[in-house]
Amino acid sequence: MSSSLNPLKVIVNGDPIATEVSSSLLLADFLRDELGLTGTHIGCGEGPCGSCTVLLDGEPVRSCLMLALQAQGCSIETIESVGTETELHPVQAALHQHHALQCGFCTPGLVMSSVALFRADPHPSRGAIGTMLQGHLCRCTGYRNIIEALESLAGIHLPSAKAEH
Amino acid sequence: MTTAANSYLYARPETLQEALALMAEAGSMVLAGGQTLIPRLASGLAAPSVLVDLAGLGGLKQIEVLDRDITIGSMVSLKQVIESTELLFHCPLLSQCAEKTATPAIRNRGTLVGNLAWADPASQLPVSAIALEAVFRVERAGGFRLVPAEQFFRGPNLTAVAAGEVVTHLHVKAFARQTGSSVSDVAQRQNSRALATAAAVITIDEAGLVAHASLAVGGCGDVPRRCSRAQDALIGSRVADAPGIAAATLRAYPPEEGRGVVDAAYAIAVLPVLLRNAVRDACSAAQSRSKE
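Thresholds applied
- Residues numbered from 1 in each chain as written.
- Chains lettered and ligands numbered in written order.
- Predicted model: local features only at pLDDT ≥ 70, side-chain atom pairs only at ≥ 80, totals over all residues.
- Heavy atoms only, no water.
- Helix = DSSP H or I, 4+ residues; strand = E, 2+ residues; numbered from the N terminus.
- Rg over C-alpha atoms; globule rule 2.2 N^0.38 Å.
- Buried < 20%, exposed > 50% of the residue type's maximum accessible area, 1.4 Å probe, protein only.
- Areas by Shrake-Rupley, 256 points an atom, 1.4 Å probe, with all protein chains shown as cover.
- Lys, Arg positive; Asp, Glu negative; His and termini not counted.
- Charge placed at Lys NZ, Arg CZ, Asp CG, Glu CD.
- Contact = heavy atoms within 4.5 Å.
- Phe/Tyr/Trp six-rings, centres within 6.5 Å; stacked < 30°, edge-to-face > 60°.
- Lys NZ or Arg CZ within 6 Å of the ring centre and 35° of its normal.
- Pairing = 2+ DSSP bridges.
- Buried area = accessible area lost by both parts, 1.4 Å probe.
- Salt bridge = Lys/Arg side-chain N within 4 Å of Asp/Glu carboxyl O.
- Nonpolar A, V, L, I, M, F, W, Y, C, P; charged D, E, K, R; others polar.
- Disulfide = S-S within 2.5 Å.
- Axes fitted to C-alpha atoms, helices over the stretch in contact; angles between N-to-C directions.

Chemist: Help me understand the overall build of chain B in this model?
Modeler: When helices and strands are counted, chain B shows 12 helices and 14 strands. For 292 residues, the compact-globule estimate of 2.2 N^0.38 gives 19 Å, and chain B sits close to it at 19 Å. Each of the three principal axes of chain B carries a C-alpha extent, and together these read 60 × 45 × 35 Å. Each of the 292 residues in chain B was classed as buried or not, and the buried ones make up 55%. Working note: accessible area of chain B is about 12300 Å², and carbon and sulfur atoms make up 51% of it. Looking at charge distribution, chain B has the averaged site of its 26 positive side-chain charges lying 4 Å from that of its 26 negative ones.

Spelled out as structure tokens, the structure:
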């Protein structure tokens, strides 16, 4: 069965890419299968879970709900561009410090949304963090540590119910 | 995720004329935000021969307010709706609905018109489109027609848009000074799919009585519906009495059950409460606006 091949030019994590893709190739599959950037995860394939979230021209989008071709001419950032091998991004550091990940499946998408949130406002409100988190489902953590990590990064200080370690 | 069987031609026209010419071909389908269509393409539920991506049509991404007429292009995203200070002032019901729809990343791509065209009969935007007496501009190669909201929604996920046609704009009227609105819904999780929704647009007069009411409900029946009896019952009533009158009228004359609901009996029980809340908050908003 032949599929329609279309030229695609995008920038991924700062690297210009010029290639040809099938018209039915999802952006998530392009990133994972064509470029080997498997940090972006596919959970539900329908939108709610948020695991596939990447930044498109700086905005969080669901890569499983976009065709690769829809990213024509755009700049994409994936989790692979966040932090380095020697230095965690502040969002990553906060999540690490607050034990805000376990299996890590939801984490890349969450990190991408958080990076965008903190870029727009280094001190987002509790409400803004809550709204962002509506778009990310986590099966492991129960969200509390994620919220504490992001609120501490935002400078929102709460008396903690747990003893300090 | 993608299936090899899903082969279609992808086109990204640069003019509306081009887009309409492509849409005139059999098996063509339009791609707007893609937040609903993409999973259907991946699963094969949607199987076009030509996919027409409207992303190149900048003219469809505008929100324009001219006198009392608001025109919203069909590629305007839900995020754009939320961020529009013009819509917040002139048609806050749309702003409120957009904030209640989906989640941030989906709102960055999903469009207002796309959500309406998905025509979920219980959902906030379709119900509000009825209450707002919104009009859809539907174009095809060689002409266009204007379809009022009450004729636009034909059934669950079914609209009046025919093959070869594309919604290009949504038209709504700017609110008068003494007009307020509210949408009230119930869902399993905040911002997940609404199970039942009520929307109210209410205008009050100088004496603080209801002068005009436009009420709609969804979640019970194949399409969102106007609550004509409740509207009539509200005219001339005091703002304090209006919520109770609306709820009692809807309870006395419940909407017909239909196919497009999660649980019709639940919706019938819940809708009077939602309508009461929507009327209460719309009246309160109208009072605040008239004092500004």
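The discussion continues.
Chemist: Teacher, can you tell me more about the environment of Leu-133 of chain A here?
Modeler: Residues and elements named next belong to chain A. Secondary-structure assignment places Leu-133 in helix α4 (residues 126-133). Placed 14 residues apart in sequence, Leu-133 and Ile-147 show a C-alpha to C-alpha distance of 8.4 Å. Not counting residues within four places of it along the chain, the set of residues in contact with Leu-133 comprises Leu-110, Ile-146, Ile-147 and Leu-150.

Chemist: So what exactly am I meant to see when it comes to helix α5 (residues 144-154) of chain A here?
Modeler: The periodicity of an α-helix, 3.6 residues per turn, causes residues three or four places apart in sequence to face the same way. Residues and elements named next belong to chain A. All of the buried residues along α5 are Asn-145, Ile-146, Ala-149, Leu-150, Glu-151 and Ala-154. Close packing links the buried residues of α5 with α2 (90-97), α3 (107-120) and α4. The positive-phi residue at the C-terminal boundary of α5 is Gly-155, with phi of around 85°.

Chemist: What is the right way to read the packing of aromatic side chains from this model?
Modeler: Ring pairs (aromatic) are described by centroid distance and by the angle formed between their planes. Residue and element names in this part refer to chain B. Under the defined criterion, the tally for this structure stands at three aromatic pairs over all chains. With 3.5 Å between their ring centres and 0° between their planes, Phe-136 and Phe-152 make a pair best called stacked. Placement of Phe-136 in strand β6 (residues 135-140) and of Phe-152 in helix α9 (residues 149-152) is noted, with a sequence separation of 16 residues between them. Here the basic side chain of Arg-137 rests over the ring of Phe-144, its NZ or CZ set 3.6 Å away from the ring centre. When the ring centre of Tyr-253 is taken as origin, the NZ or CZ atom of Arg-229, which lies over that ring, is 4.1 Å away.

Chemist: In this structure, what is going on with the pairing of strand β13 (residues 210-218) of chain B? I would like to understand it.
Modeler: Regular strands have side chains that alternate between both faces of the sheet. Residue and element names in this part refer to chain B. Most of β13 sits inside the fold, with seven of its nine residues counted as buried. Taken together, the eight bridges between strand β12 (residues 194-204) and β13 define a ladder with antiparallel strand orientation. Each bridged residue has a counterpart across the sheet, and for Ile-202 the counterpart in β13 is Ala-213. Sheet topology places β13 next to strand β14 (residues 225-226); two bridges connect them, and they run antiparallel. Bridged to Ala-216 within β14 is Arg-226.

Chemist: Please explain the interface of chain A and chain B as it appears in this structure.
Modeler: How large an interface is tends to be reported as the accessible area lost when its parts come together. Across the contact, 30 residues belong to chain A and 31 residues belong to chain B. Across the chain A to chain B interface the summed buried area is about 2400 Å²; carbon plus sulfur atoms make up 58%. When the area that chain A buries against chain B is broken down by residue, the three leading residues are Leu-65, Gln-70 and Gln-134 of chain A, summing to 24%. Lys-79 of chain B is the salt-bridge partner of Glu-59 of chain A, the closest N and O atoms lying 2.4 Å from each other. Looking at the side of chain A that touches chain B, the elements with two or more residues in it are β4 (59-62) and α4 of chain A. By residue number, the principal contributor to the side of chain A that touches chain B is β4 of chain A, which donates four residues. Its residues assigned to classes, the side of chain A that touches chain B comprises 13 nonpolar, 13 polar and four charged.

Chemist: Sorry if this is basic, but what is going on with the state of the cysteines here?
Modeler: Here a disulfide denotes a covalent bond joining the sulfur atom of one cysteine to the sulfur atom of another. Residue and element names in this part refer to chain A. Counted according to the given criterion, the structure contains zero disulfides over all chains. In this structure Cys-103 is a free cysteine whose sulfur lies 3.7 Å from that of Cys-140, the closest cysteine sulfur available. When its relative accessible area of 56% is taken as the criterion, Cys-103 is described as exposed. No disulfide involves Cys-106; its sulfur sits 3.8 Å from the nearest other cysteine sulfur, which is in Cys-138. With relative accessibility at 11%, the residue Cys-106 sits in the buried group.

Chemist: What is the right way to read the sheet that holds strand β3 (residues 50-53) of chain B from this model?
Modeler: All names here are of chain B. The sheet built from three strands is open, its strands ordered β1-β3-β2 with parallel pairing. The sheet is open, and its two edges are formed by β1 (9-11) and β2 (28-31), each paired on a single side. Neighbouring strand axes in the sheet, compared pairwise and without regard to direction, differ in orientation by 25° on average. The pairing of β1 with β3 spans three bridges and is classified as parallel. Bridging across to β3, Ala-11 finds its partner in Val-52. Strand contacts of helix α1 (residues 16-23): β1, β2 and β3, with the helix running at about 140° to β2, the strand carrying the most contacts.

Chemist: How should the pattern of salt bridges be read in this particular structure?
Modeler: Where charged atoms from two side chains of opposite charge come close, those side chains can pair. All names here are of chain B. In the structure shown here, the tally under the stated rule is 14 salt bridges over all chains. Here Glu-83 makes a salt bridge to Lys-79, at a shortest N to O gap of 3.8 Å. Separated by four residues within a single helix, Glu-83 and Lys-79 lie in helix α3 (residues 78-83), roughly one turn from each other. On the basis of relative accessible area, Lys-79 is assigned to the partly exposed category, the value being 25%. Glu-165 is paired through a salt bridge with Arg-140; the nearest N and O atoms lie 3.5 Å apart. Remark: Arg-140 occurs in strand β6 and Glu-165 occurs in the loop between β9 (158-159) and β10 (166-173); sequence separation between them is 25 residues.

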